[in-house]
Every structure is written in structure tokens, then in C-alpha cells.
Amino acid sequence: MKKILFLLIIMLFQNVLAIDELKDVGIAKYAVLEVLEDNVPLRDKANENAKRITHLYKGSVLFADKENKDYFRVELKENKYFWINKKYVDVQAIIPEKRIDNVKKITFKEEKNKYKLNIETDFKSTYIVNENGNNLDFTLYDNYFDPIETKISNKNSAFELPLMFVNDLNIKYKNDKPLFGYDVESYEDGYILTVKKTPKINHNRPLKNIKVTLDAGHGGSEKGACCFGLEEKNINLQIVKKLKKEFKKQGAKVYLTRKRDKKIDLYDRISYAKEKDSDILLSIHQNSLPNPKNVDKKHGVGTYYYHPQAKLLAQKIQENLISATKFRDDKVNYASFAITRASLPVSVLIECGYIIRKEEAEKISDKKFQKIIAKAITNGCAQYLKDRY
Ligand SMILES: [Zn+2]
């Protein structure tokens, strides 16, 4: 009982501390923050491991009402708070009221395999895009839509705008078929929301004409995991080359983020996949552990996804890899990696085996076995397309 009381006092004390640490940003209510680089995360709590709610582009403007040592607290909706690390922003001014503008123009555009929605604004505020089954919810905060003032061109029935004036702009993308990649890009006057149309799949040859970008993890000075004289970056590239053959055999169009031993930025790999208008992005890796002693408990093949649209792809690849390699099932995992966070194309990351486990290292570096891995991954992709579309 004494111990519980003691713990309670400690907890209360910690709470008081937490509240004390949080202070107002200035005499007036809001600090106007400008984001200094691309891909800056807005999180649901004030720490580096907290969930990412959205990513912000350079030049985005946010309004913070409180701060602690490292973070600003940002209010998006009344009483809904998120956090941004101070290192990513500049304070532009302290103001008594948020700046809320009317969206100037919304233009809908339909291309051969995608929809594009151009949202023109006076200042770049925060957006959040959420998957909702087959549908998407796009919300632009601190910018409202006015049915009379906002210019709208080429209205498309796939998108639903609010009927009445609202505080934030919320656009719904409605689809009766599964999502196949989407993206929000930033440009000087606003945002472009791109949604890929669901493809028509030839069920006998599901990979025919599907564009696949294959990414051999690491490269150059970034060797990845190393063990038993093996370097992860080399095994990744060897497997990717075999994958390329398998995908081509099944009619896919294949692009490689690297063809040789070269260092490439993670976001450049994603940009390349987008440039090629890819439908699927697969990143190939070999695993290791911070403490190699645990490798008897944790090893085998694992597949990683972030967005719900990629989960089935991860599952199909994992199923095929497990039955082909007979490795331990290191599961389909939800993981926030730069590659898996890409929502265009549909992206997954595959850890084929553990380079720090002798028997797996021998297999993943063996040419014949690499071919088995490549076949399993390709079949997994084909099954995904067949089952989902
Ligand atoms: Zn790796």
C-alpha cells in the first residue's frame, strides 16, 4: 500500500512537471511557424517516437499556441493538438488570431491513369490525408472553402466537396474499388492531390504492363548490415537483379533505383519511383539486430508496410516467401520507414533474411536461393493484383 501511494505521488509530481514545462508562445496567442524543409513530421505527442500525423513541405505555415523545450504545440481544430520539433521551423511572428483564408481555386483534372486535384491557396497551411477503406479524406486546415467565392473548374464526380461553408476544407475521394496509390505534392500556390485510378487487371497475367520500381537497399558508403564477410548492400542488389528478370518474364515494366554500388538518398528513391509513374515500389533488404545474441529468437523473413493500401501486398509477399524459403515467419509488420511511408506508389519493404544468422546468411548470398526469393516475391505481387483488383 505504501509503495502504491509513493508511486501515485511520483506520478502526480511528474504530471505537474509536464504541465509546467508547457508555456505560452508569447503575449499574443499564436506563434506563426514556417517549415524549413520537406518531409517534416507533425506528431501526436511531443517526442521523436510519437505517431506521425502528416508530413509538411518547406514553406508550410503553422500556428502554435504552446511550447516546451523542444516542441511547439499546434492547434489544427479546436482542442485538437499536434506537435512539431522546433529544429524544423522558424518563428515568423506572434499574433492574436490565426490567419484563415478562403481557398482561391479548385481545379479537377482527369488523366489516363490518374485524377489530379489542384488546390490553389494564398498561404500553405497543414493538410492531412487519410485512407478510409477505398476512399480518401483530404483536409486542409486553416483554409476554408466558400461555395461562392472559391472558383471551381471541371468538377469530377469522384470527388465530393462540402455543400456548405466550413472552417477547414475537406474533400472526399469516393471509389468502389481499392486504392492504388495517392499523393499530395506542394507547389508555390498550393497543393496537388493525385489519386491513381484502379487498374484493370488481366487475371491470367496480372503483372502485365504493371510498372514496378525495385529498390536495392543501401549502397556506396552505406553498406547496411555486415556479417560473415558479407555486405547487405551487395546481396540487396543481387536479389533485385534477379527480381527484375522475374518481373519482366511476367510482363511487368521494371525500373531500378540503383543498378550498381552507389549511395542514394531515401527520398530520391521514392521520387524516382514516382517519376517512372510506378504502381508498386519494393525495397529489398537483409536484416540484423542491435544485439546479435537475440538472433536465435528473432530471425527469418519479414515484410513491412505503413499505409493500409499496402497491407495486402505485404501479406501476399510474406506468404510466398515463407513457403518458398522455409525461413522463420518474422511477420508482416506495420513500420514507419521512409520507403513504406510513400503512398505513391504502393510501397513495401522486404527483409529477406537475417545476415547475422549463419544459416540464413549462407542462403541469402547464394545465387540459386536468391532466385527462389525473387520468384516468391514476384508471385506474391501477382497474387496481390489478382486478389485485390
Ligand atoms: Zn537494410
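Cut-off values and rules
- Numbers given for residues are sequential positions, taken from 1 along each chain in its written order.
- Thresholds applied to this predicted model are a pLDDT of at least 70 for local features of residues and 80 or more for the giving and counting of side-chain atom pairs; totals over whole chains, interfaces and linings are not thresholded and use all residues.
- Note that the side-chain values use all heavy atoms of the structure and ignore hydrogens as well as water.
- Secondary structure is summarised from DSSP: a helix means a run of H or I of at least four residues, a strand means a run of E of at least two, and numbering begins at the N terminus for each.
- Atoms considered for the radius of gyration are the C-alpha atoms alone. The globule rule reads 2.2 Å times the number of residues to the power 0.38.
- Accessible areas in this description were obtained via Shrake-Rupley with a 1.4 Å probe; residue shielding takes into account the shown protein chains only.
- The pLDDT score gives, residue by residue, the confidence of the prediction method on a 0 to 100 scale.
- Whether two residues are in contact is decided by their heavy atoms, any of which lying within 4.5 Å being enough.
- Criterion used throughout: strands pair if DSSP finds at least two bridges between them.
- For helices, the fitted line uses only the C-alpha atoms of the stretch in contact; every axis is such a line through C-alpha atoms, and the angle between N-to-C directions lies from 0 to 180 degrees.
- For patches, a residue must show more than 30% relative accessible area and have no salt bridge; joins then use 9 Å for like charges and 5 Å for nonpolar side chains, namely Val, Leu, Ile, Met, Phe, Trp and Tyr.
- Salt bridges, as used here, are contacts in which a Lys or Arg side-chain nitrogen is within 4 Å of a carboxyl oxygen on Asp or Glu.
- Only four residue types enter the charge count: Lys and Arg as positive, Asp and Glu as negative, with His and the chain ends excluded.
- For the purpose of locating charges, the reference atoms are NZ of Lys, CZ of Arg, CG of Asp and CD of Glu.
- Domain limits in this description derive from either an automatic procedure or a database domain assignment.
- Summed over both partners, the accessible area (1.4 Å probe) lost when two parts come together is defined as the buried area.
- Distance and chemistry together define a polar contact, namely a pair of N or O atoms within 3.5 Å, with one atom able to donate a hydrogen and the other to accept it when in protein, and with adjacent residues in sequence counting only for side-chain atoms on both sides.
- The classification used treats Ala, Val, Leu, Ile, Met, Phe, Trp, Tyr, Cys and Pro as nonpolar, Asp, Glu, Lys and Arg as charged, and all other residues, Gly among them, as polar.
- Only N, O and S atoms count as donors, using a 2.8 Å limit from the metal and a wider 3.2 Å limit for Na, K and Ca, and since water is excluded some coordination spheres may look unfilled.
- Here a site with four donors is tetrahedral if all angles are between 85 and 135 degrees, and a site with four or six donors is square planar or octahedral if opposite donors are over 155 degrees apart and the other angles are between 65 and 115; anything else gets the irregular label.
- For every residue, the accessible area obtained with a 1.4 Å probe (protein chains only) is divided by the maximum for its type, and the residue is called buried under 20%, exposed over 50%, and partly exposed between those limits.

Draft legend 1. Region of interest: the overall build of the protein. Counting secondary structure elements, the protein contains 6 helices and 27 strands. Rg of the C-alpha trace for the protein: 24 Å, near the compact-globule value of 21 Å for 389 residues, within the 12% margin. Across its three principal axes, the protein shows a C-alpha extent of roughly 65 × 65 × 40 Å. Accessible area of the protein: about 19,700 Å², with a carbon and sulfur share of 50%.

Draft legend 2. Molecular detail of the confidence of the model for the protein. Residues with a pLDDT of 70 or more make up 95% of the protein, whose mean pLDDT is 92. Throughout residues 7-20 the model reports pLDDT below 50, and contacts reaching past four residues in sequence, or to other chains, amount to 0 contacts.

Draft legend 3. Here's a closer look at the sheet that holds strand E20 (residues 211-216). Taken together, 6 strands build an open sheet; the order of strands is E23-E20-E24-E27-E25-E26 and the sheet is mixed. The sheet is open, and its two edges are formed by strand E23 (253-256) and strand E26 (329-334), each paired on a single side. In this sheet, neighbouring strand axes are inclined to one another by 20° on average, regardless of whether the strands run parallel or antiparallel. The pairing of strand E24 (residues 280-287) with strand E27 (residues 346-354) spans 7 bridges and is classified as parallel. By the bridge assignment for E27, Asn-287 is matched with Tyr-354. On the sheet, helix H2 (residues 232-249) packs against E20, E23, E24 and E27 and is oriented at approximately 145° with respect to E24.

Draft legend 4. Quick look at a positive patch on the surface. On the surface, Lys-112, Arg-205, Lys-208 and Lys-253 cluster together into a positively charged patch. With respect to the helices and strands, the residue Lys-208 is situated in the loop between strand E19 (190-196) and E20.

Draft legend 5. Expanded view of the domain arrangement of the protein. According to the domain assignment, the protein contains domain 1 (2-95), domain 2 (101-196) and domain 3 (211-388). For domain 2 and domain 3, the distance between their C-alpha centroids amounts to 33 Å. The interface is formed by 10 residues belonging to domain 2 together with 13 residues belonging to domain 3. Of the roughly 1,100 Å² buried at the junction of domain 2 and domain 3 (both faces included), carbon and sulfur atoms supply 48%. Scanning the region where domain 2 abuts domain 3 turns up 4 salt bridges. The partner of Asp-277 in a salt bridge is Lys-196, and the shortest N-O contact between them spans 3.4 Å. Summed over the shared surface of domain 2 and domain 3, the result is 12 residue pairs in polar contact (both at pLDDT 80 or more). Residue classes in the side of domain 2 that touches domain 3 are distributed as 4 nonpolar, 2 polar and 4 charged.

Draft legend 6. Summary view of the coordination of the zinc ion. Within the protein, His-218 (NE2), Glu-232 (OE), Glu-232 (OE) and His-285 (ND1) serve as the donor atoms for the zinc ion, at 2.1 to 2.8 Å. For the zinc ion, the 4 donor atoms in the first shell make angles of 50 to 142° at the metal, so the coordination geometry reads as irregular. Mapping the donors of the zinc ion onto the primary sequence yields the spacing H-x13-E-x52-H. One end of the pair, His-218, is in the loop between E20 and strand E21 (226-227); the other, His-285, is in strand E24, and 67 residues separate them in sequence. A relative accessible area of 23% means that His-218 is categorised as partly exposed.

Draft legend 7. Broad picture of unusual backbone geometry. In the segment running from Leu-344 into Pro-345, the intervening peptide bond is cis, with an omega of -5°. Within the element layout of this structure, Pro-345 appears in the loop between E26 and E27. You will see that Phe-228, though not glycine, has its phi angle at about 50°, which is positive. Of note, Phe-228 is situated in the loop between E21 and strand E22 (230-231). If you check the backbone angles, Lys-326 has positive phi at about 60° while not being a glycine. Relative to the helices and strands, Lys-326 resides in the loop between helix H4 (311-325) and E26. Taking relative accessible area as the criterion, Lys-326 reaches 69% and is therefore assigned exposed.

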